[in-house]
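# Residue-level structural notes
What follows is the residue order along each chain.
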Amino acid sequence: MSGMNKQGRPTSIGGTSANGARETFTGNKALELEEPLLFELDNPGACGVDLDDPGEFASHLGNFERQGRIGLARVSEPEVMRHFVRLSSKNYSIDAGLYPLGSCTMKHNPRLNEKMARLPGISDVHPLQPQKTVQGSLELMNELAHWLKELTGMPGVALSPKAGAHGELCGMMAIRAALIARGEDEQRSRVLVPESAHGTNPATAALLGYKVDGIPATKEGRVDLEAFKSKLGPDVAAIMLTNPNTCGLFERDIVEIAEAVHEAGAYFYCDGANFNAIVGRVRPGDLGIDAMHINLHKTFSTPHGGGGPGAGPVVFSEALAPFAPLPYVVSGKDGFRLVETEDDAKADGTQPFGRMTAFHGQMGMFVRALSYMLSHGSDGLRQVAEDAVLNANYVLASLKDDLSAPFEGPCMHEALFDDRFLKGTGVETLDFAKAMIDEGYHPMTMYFPLVVHGALLIEPTETESKQSVDLFIATLKDLARAAKSNDKDRFTGAPYMSPRRRLDETGAARKPVLRWAPPAPAQAAE
Amino acid sequence: MRYLPLTETDRREMLGVIGAKSVDELFRDVPESARREGLVDLPRRKGELEVERVFAQMAAKNVAAGSVPFFVGGGAYRHHVPAAVDHLIQRSEFLTSYTPYQPEISQGTLQYLFEFQTQVAMITGMDVANASMYDGSTGCGEAVLMAHRVTKRRKAVLSGTLHPQYAAVVKNLSDFADYKLEIMPPLLPGSSEDIAARITDETSCVVVQTPGFFGELHDLRAIAEAAHAKGALLIAVVPEIVSLGAVTPPGEMGADIVVGEGQSIGNGLNFGGPYVGLFATRDKYVRQMPGRLCGETVDADGKRGFVLTLSTREQHIRREKATSNICTNSGLCCLAFTIHMSLLGEDGYRQLARINHAAAVRLAEKLASVPGVEILNKAFFNEFTMRLPKPAAQVVDALAEKGVLGGIPASRLLPGVKEVEDLLIVASTEINTDEDRAAYAAALKEVL
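What follows concerns the interface of chain B and chain A. Counting residues at the interface gives 165 residues for chain B and 168 residues for chain A. Of all the elements, helix 11 (residues 331-368) of chain B adds the most residues to the side of chain B that touches chain A, at 22 residues. Grouping the constituent residues of the side of chain B that touches chain A by class yields 84 nonpolar, 47 polar and 34 charged.

This paragraph deals with the confidence of the model for chain A. Keep in mind that low pLDDT regions are not for reading the predicted coordinates in detail. Residues and elements named next belong to chain A. The pLDDT averaged across chain A works out to 94; a share of 95% of its residues lies at or above 70. In this model residues 1-6 is a low-confidence stretch, pLDDT under 50, and it forms seven contacts with partners more than four residues away in sequence or in other chains. Confidence drops under a pLDDT of 50 for residues 11-18, and excluding neighbours within four residues, the segment shows eight contacts in the predicted structure.

The description of two helices packed together rests on the angle between their axes and the distance between the axes. The interhelical angle for the contact between helix 1 (residues 77-88) of chain A and helix 11 of chain B, taken along N-to-C directions, is 150°, at an axis separation of 9 Å. Classified by the angle their axes make, helix 1 of chain A and helix 11 of chain B are roughly antiparallel. For the pair helix 1 of chain A and helix 11 of chain B, the sense of crossing is right-handed. Contacts between helix 1 of chain A and helix 11 of chain B involve E77, V80 and F84 of chain A from the former and I339, S342 and L343 of chain B from the latter. The class makeup of the residues in the contact of helix 1 of chain A with helix 11 of chain B is four nonpolar, one polar and one charged.

With respect to the helices and strands, A203 of chain A occurs in helix 6 (residues 200-207). We classify A203 of chain A as buried; it has 26 C-beta atoms within 10 Å. Spatially, the C-alpha atom of A203 of chain A lies 9.9 Å from that of E168 of chain A, the residues being 35 residues apart in sequence. Contacts of A203 of chain A, omitting those with residues within four sequence positions, involve Q315, R319, E320, A322 and N325 of chain B.

Residues and elements named next belong to chain A. For helix 11 (residues 429-438), a buried count of seven out of 10 residues is recorded, marking the element as mostly surrounded by other parts of the structure. All of the buried residues along helix 11 are D431, F432, A433, K434, A435, M436 and I437. At its buried positions, helix 11 is contacted by strand 11 (445-446), helix 12 (466-484) and helix 13 (489-492).

Turning to unusual backbone geometry, a few remarks are in order. Of note, the bond from G409 of chain A into P410 of chain A is cis; its omega dihedral lies within 30 degrees of zero at 0°. Positionally, P410 of chain A belongs in the loop between helix 10 (363-399) and strand 10 (415-417). Cis rather than trans, the peptide bond between T210 of chain B and P211 of chain B has omega equal to -5°. Of note, P211 of chain B is situated in the loop between strand 4 (203-209) and helix 9 (221-229). One non-glycine residue, N486 of chain A, adopts positive backbone phi at about 65°. Mapped onto the elements, N486 of chain A comes out in the loop between helix 12 and helix 13. Note on N486 of chain A: 10 C-beta atoms within 10 Å, which makes it exposed. Despite not being glycine, F271 of chain B has its phi angle at roughly 55°, a positive value. Within the secondary structure, F271 of chain B is located in the loop between strand 6 (257-261) and strand 7 (277-281). Residue F271 of chain B is classed as buried on the basis of its 29 C-beta neighbours within 10 Å.

Calculation rules
Residues numbered from 1 in each chain as written. Chains lettered and ligands numbered in written order. Predicted model: local features only at pLDDT ≥ 70, side-chain atom pairs only at ≥ 80, totals over all residues. Contact = placed C-beta atoms within 7 Å. Helix = DSSP H or I, 4+ residues; strand = E, 2+ residues; numbered from the N terminus. Nonpolar A, V, L, I, M, F, W, Y, C, P; charged D, E, K, R; others polar. pLDDT = per-residue confidence, 0-100. Axes fitted to C-alpha atoms, helices over the stretch in contact; angles between N-to-C directions. Parallel < 35°, antiparallel > 145°, perpendicular 65-115°, else oblique. Left-handed = near helix turned anticlockwise from the far one by under 90°. Buried ≥ 20, exposed ≤ 12 C-beta atoms within 10 Å, placed from the backbone.

Structure follows, in C-alpha cells:
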C-alpha cells in the first residue's frame, strides 16, 4: 500500500518482473484476455439459437437416424460473441498495422467491397438457378473477365480456379491439353522452374506428372538466360516463371525467354502472384506469356481472411484460350449465357479441358475484386503499381546500409535483404523477425526466396503512408543497431510482449494433437 | 485516390532518397517494347456512390433466393445464418489477417482452426480433420489423390450417387495426373448398384455420396467392408453438412476419408463460392492428408498455444514432393462455419437437422398430391427427386416464370442421359414456410 497516494492512485509501478510484466490471478493482462477452448465452455442446456420444434411428421430417415451424443459444445450467444471477440484480439491484422509480408501483398481491404458482396441480389443467388434468373451475376462475371483481359492484354480467361495454386493447376492443365491436341504430350515431359519459385509451382507441375527441372539464378537475382536456353529442348512442355520474380525484380530478359520458349515449341506459364507491381503499366500479353493466374486476394485486394478464401482466375493467350475449362460466360442476343457442358462448348467452338470445381468459382471474391477495380479505374490501378514500387524502393534505399541487400535496385514491389548484416551477432533472421513483433509489426516473409541466405522479403504495398513507412524504417534501423551492438536478448527470446511467446513447433509435429478431446473420466473426477 | 495515401510531395521526397528522377526510372528493367505510356482502355476511377450504383444495377437483374419460394439444392443450400456470424467474421483482426505463419500474433486464427477441426471430426464421426479445402468438389479430388498415396494404387471407382460435377472435378484431375477412373451410371433412388463387384486389387478407393445426388440416403457399411477386404479405402462425400445432425455419420459406417461441403453452416449461396471444403480421416492417415493442419502445443512460458503443424507434407517445404499443391484454405469461411456451429451446439444442430427433414417430408407430401408427380425416394434428408410427366428443364423454367425456384432438372448436370430427363431434384430447408410449399404445389399443378 505504500505506493498509493491519498486518492488511491498508485504512484509507482513496483512489483513487476524482469521484462515489465506482472503475473495476474486470471492470466489476463488488462485488454489482453485469456480464452479457453470453446469445448471447455460447454454448459448442458445452453444454446445460441432458438429453433422451434418441427412438430409431428413421418420420418423418412429409414434406419439412418443418428444415435448418441455428437460432442458439440453448448453455449449461449453472448458467450459465443465473447469467445470469438477475445480470440480476434490475439491476431495481427492489416487494419491494425503495417504487414510487410513479401509476396503475400497485405494491402488495405476497402469496406465498400464487403458491402457490395453482401447485396442480397448478389450474395443470395444459387449457382444452379435458371440462367434467366441470374443475368446480373453472369454480367458481373463477364465484366470481371473483361477487366482481367484488358489489364493483362490476354484474350482468354478462366474464372473458376479457387485460389492461386488452383489457378496454376488450371494453367498447366490448359498447356497439357494444348500439347495433347498437338500430339506432343508423350514427348514433352519436363517443366522448367527457377530455383526462386514459389513452392506451389514445382508441386503443381509434379501433380500433372511432369519432371521438374530447376533453372539457376544469376548473381543479379534473375534467370540465368544461358543456363535456361541450354535446358530447352523438344522434351520441354513449359517454363513456370514468376514475374516480377520472388526476389522482387523484373526479369529483364523476359521477352527473349518467351521467344526461346516458343521457338522450342513449349509454353510460357507466368505465376502472377506479383502482378500488383505492374498492373496498369505492363501487360503480360505483351511479354509473350501464354497463361498466368491472378491472385484476386493480392493484386485486387480481396481480404486474406486468415488464410483464405482466395481466388485464382487464369488469363490465356490465343494459343491456349480454346482449352480454358468449363464453365465460362458468353454474351449473346438473349443476354448472358453460362457454357457448362461439353456439347455447349463444342457448339461454341472451344475445347475445354474439363472442370476445376463444381460451380463457377469464387463469386464472392469476384464482386470484391471488381468493386476494387471500378473504384481505382485505369488511372488508379496504374498509380497502385507506381506507389507499390515507390514504397518498396524507398525501403530498399533507406535500409540498404543498415541491413544487407543481395541485389542492386531498383526493385519492384518488394525489397529483399539477406542475413549478412547479422553475421557474428548471434542473431538469426528468425530472431530478428520475432523482435519486430514486440515493436508492433508483423514480420516480413522470412527464408524465402530460397536463393538468398536468411532472406527477409519486405512488401510495404501502396496503401502505406510515408509516415508509416518512415517509422517502420526507423524501427528496423534500431533493431539492426541493437543486433550489431550485442543486445542479443532483445532477439533470441523474442517476442516477449505478444499473447504467446515462441511456440514449440517441433513438439507439435512430433506428437500431433489436432483436436480437442474430453478429459479422461478419471481426471475429470479429480 | 481514396485508398492511396502518398501525396505528390511524399513521392518527390521519396524519389529524392532513392536517387531517381521519376517513377518511370524504377521501371527501367521492363523491356521497352512492353512499357505502356498511356492508360489501358478501361474507365477511370469512381467514387463509392458510383460503384454502388453499378452493383445495384447488376443485383437488380438477379432473382435473389430470398425473394421467392426457393427449393434449389444440389450441393449448395439456403439456410438461415445467425446475425452474429457475419458481424464476427467482419472483425478486422479476422478479415484482414494472413495465414497464421507467425503463431505468436495469430492465436485467434489458430485457435478457431483447432476448434473447426474438432467440430468437423465430431460431426463426421472421424478422428481428425484438416483446416479446410476450397470446397466439397475439390476436396473430393484431393481425397482420391490421397487414397492413391495411401494404397499406392492408381484406380478409383466413383459411385452413381456422386454429384456429376464432383465426378467431373475428379475426372479432370485423374485425366491429367494419369490415374484410372471408373464412373458408375447415375444411381436413381430405388435402384441399386453393385459397386462391390467393381473393387479389385488395383482399386485405391470407392467414392460414395450420402445423401446422394438424388437426395437418397445410402448405407455405406457393406461398401466399406467390400473395399477394406480388397485393401481399398472408402471415401464418403456429404454435400449437405446439416444432414449429419440427424443421420448416421460416415465415420460410424466405416469410411476412411470423409469429404463435406460446409457451405450450409455459416455461409451464404454466393452463386457457388467461396465455400468451405471439409476433410476428415483416420489418425493413421494423417501424414498423407492434403492442406493445412493446426495442432496444440506450448509456448516458451509453458502456456497452451496453437501452430500450423505437419507442414513437411506441404508445398512450401516439400515443393515437388508435397502431398498437394494446395496453399490457401477457406479461412474466413471456416470461421463462419465454426461460429455458426458454436451457436447451434449439440442441441441446435440436431434441432436444425430435424426441422430440415420435416420441411422436406412436408414438401414431398404436398407435391406428391399434384397429379402426374411421383416421388422416387425412400430414405432422404432434406432433398428428394420427383419424376414428372414431361422434361424437368421446361418445368423449372415455367415455374421460374411463375416466381418459384423449384429445384434442379437432373438433365442440367447429366445432359443427354435419357432416363433422367423428367427428373427434378428438390430441396427444402428451415427457410421454407407452409405458404412456400403451397405456392410451389399450386404453381406445379398449373405448369404440368
